[in-house]
Amino acid sequence: MISLGDVRKNAFLRNNAIFFASSMVVSFLNYVYYPVLGRLLSVESFGELQVLVSFFMQMTVFITVLTLISTNIIVNEKNSEKLNKTISELEKLVLYVAYGILLLVTLVSPLLKSSLQFESIWPFIIITLVFVAGIPLGFRTAYLRGKGDFTATSVEGILASLAKLLASVAFVWVGLKTAGAAGGILVAQIIALAYATR
């Protein structure tokens, strides 16, 4: 039987307990996001938000893979100068790709708007900005995990989920509809990035 004292003394158990507890909080906040926004948005706007979130989730697969690669590099590379240079160059390369995607989405957003029957082109541009902001955030998160700082990683996740909920509600409340909900996700990414960088 594992006691509370064992968890406190054993770094592996402690980190997993922190990660599990924070994951539950993040999952709860992410779950609450949809019923709350569903009450604030019209059926059409909520449908638009679902399309955007699906679009974003497809793009985050790319970030998840890079985060795993980066964490592996951070854990295994002992030379800090080489480590920082490798991660920095990889992040720059991926950001250039993300800027290209942002430009492409901006150019085709009128077509996306008409074919998907959105009210505005802005939700597409904003959700792509969320993707761009997610890249440095993914690398910072990988660094924290690679260094074993699960407390900071947990706080970052909770902060992002809470900020997403509150900012999206605030923007939708003032009448920004789908763009406001997407803007809330962008604000959350920026806040989480600022915390993780610090």
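Residues numbered from 1 in each chain as written. Predicted model: local features only at pLDDT ≥ 70, side-chain atom pairs only at ≥ 80, totals over all residues. Heavy atoms only, no water.

1. Some thoughts on the packing of helix α5 (residues 122–146) against helix α7 (residues 177–197)
Next up, step 1: Contact pair α5 / α7: the axes reach a minimum separation of 9 Å and the direction vectors enclose 20 degrees. One finds that α5 runs roughly parallel with respect to α7. Crossing of α5 against α7: the hand is left-handed. Side by side, α5 and α7 meet where Trp-122, Pro-123, Ile-126, Ile-127, Leu-129, Val-130, Ala-133, Gly-134, Pro-136, Leu-137, Arg-140 and Leu-144 of the first sit next to Thr-178, Ala-179, Ala-182, Gly-183, Ile-185, Leu-186, Gln-189, Ala-192, Leu-193, Ala-196 and Thr-197 of the second. (Axes fitted to C-alpha atoms, helices over the stretch in contact; angles between N-to-C directions. Helix = DSSP H or I, 4+ residues; strand = E, 2+ residues; numbered from the N terminus. Parallel < 35°, antiparallel > 145°, perpendicular 65-115°, else oblique. Left-handed = near helix turned anticlockwise from the far one by under 90°. Contact = heavy atoms within 4.5 Å.)

2. Some words on the side chain of Ser-22
Next up, step 1: Looking at the element boundaries, Ser-22 is found in helix α2 (residues 11–40).
Next up, step 2: Among the residues examined, Ser-22 registers a relative accessible area of 8% and is labelled buried.
Next up, step 3: Ignoring any residue separated from it by four or fewer positions in sequence, one finds Ser-22 in contact with Ser-154 and Ile-158. (Buried < 20%, exposed > 50% of the residue type's maximum accessible area, 1.4 Å probe, protein only.)

3. Here's the deal with a nonpolar patch on the surface
Next up, step 1: Together, Leu-103, Leu-104, Leu-107, Val-108 and Leu-111 make up an exposed nonpolar region whose accessible area comes to about 510 Å².
Next up, step 2: Owing to a relative accessible area of 54%, Leu-103 belongs among the exposed residues under this scheme. (Patch = residues over 30% accessible without salt bridge, like charges linked within 9 Å, V, L, I, M, F, W, Y side chains within 5 Å. Areas by Shrake-Rupley, 256 points an atom, 1.4 Å probe, with all protein chains shown as cover. Salt bridge = Lys/Arg side-chain N within 4 Å of Asp/Glu carboxyl O.)

4. Quick look at the packing of helix α3 (residues 43–76) against α7
Next up, step 1: In contact at an axis separation of 8 Å, α3 and α7 are set at 35 degrees when each is read in the N-to-C sense. Classified by chirality, the crossing of α7 by α3 is right-handed. Residues Ser-45, Glu-48, Leu-49, Leu-52, Val-53 and Phe-56 of α3 lie in contact with α7, whose contacting residues are Lys-177, Thr-178, Ala-181, Ala-182, Ile-185 and Gln-189.
Next up, step 2: Class assignment of the residues belonging to the contact of α3 with α7 gives a composition of seven nonpolar, three polar and two charged. (Nonpolar A, V, L, I, M, F, W, Y, C, P; charged D, E, K, R; others polar.)

5. What about the environment of Arg-14?
Next up, step 1: Here Arg-14 shows up in helix α2.
Next up, step 2: A relative accessible area of 32% means that Arg-14 is categorised as partly exposed.
Next up, step 3: Distance in space between the C-alpha atoms of Arg-14 and Val-65 is 26 Å, their sequence separation being 51 residues.

6. Quick word on the pattern of salt bridges
Next up, step 1: For the structure shown, the criterion picks out three salt bridges.
Next up, step 2: Here Arg-140 ties to Glu-91 by a salt bridge, and the two come within 3.0 Å at their closest N and O atoms. Taken together, the residues Arg-140 in helix α5 and Glu-91 in helix α4 (residues 80–116) connect sequence positions 49 residues apart.
Next up, step 3: A residue is classified by how much of its surface remains accessible, and Arg-140, at 25% relative accessible area, is partly exposed.
Next up, step 4: On the basis of relative accessible area, Glu-91 is assigned to the buried category, the value being 11%.
Next up, step 5: Linking Glu-119 and Lys-177 is a salt bridge whose minimum nitrogen-to-oxygen distance equals 3.3 Å. One end of the pair, Glu-119, is in the loop between α4 and α5; the other, Lys-177, is in helix α7, and 58 residues separate them in sequence.

7. Observations concerning α3
Next up, step 1: Along its 34 residues, α3 runs 49 Å from first to last C-alpha, staying within 8% of the 50 Å computed at 1.5 Å per residue.
Next up, step 2: Taking the largest bend as the criterion, α3 deviates by roughly 30 degrees, centred on Met-59. (Expected span 1.5 Å × (residues − 1). Bend = angle between axes of the 7 residues up to and from the residue.)

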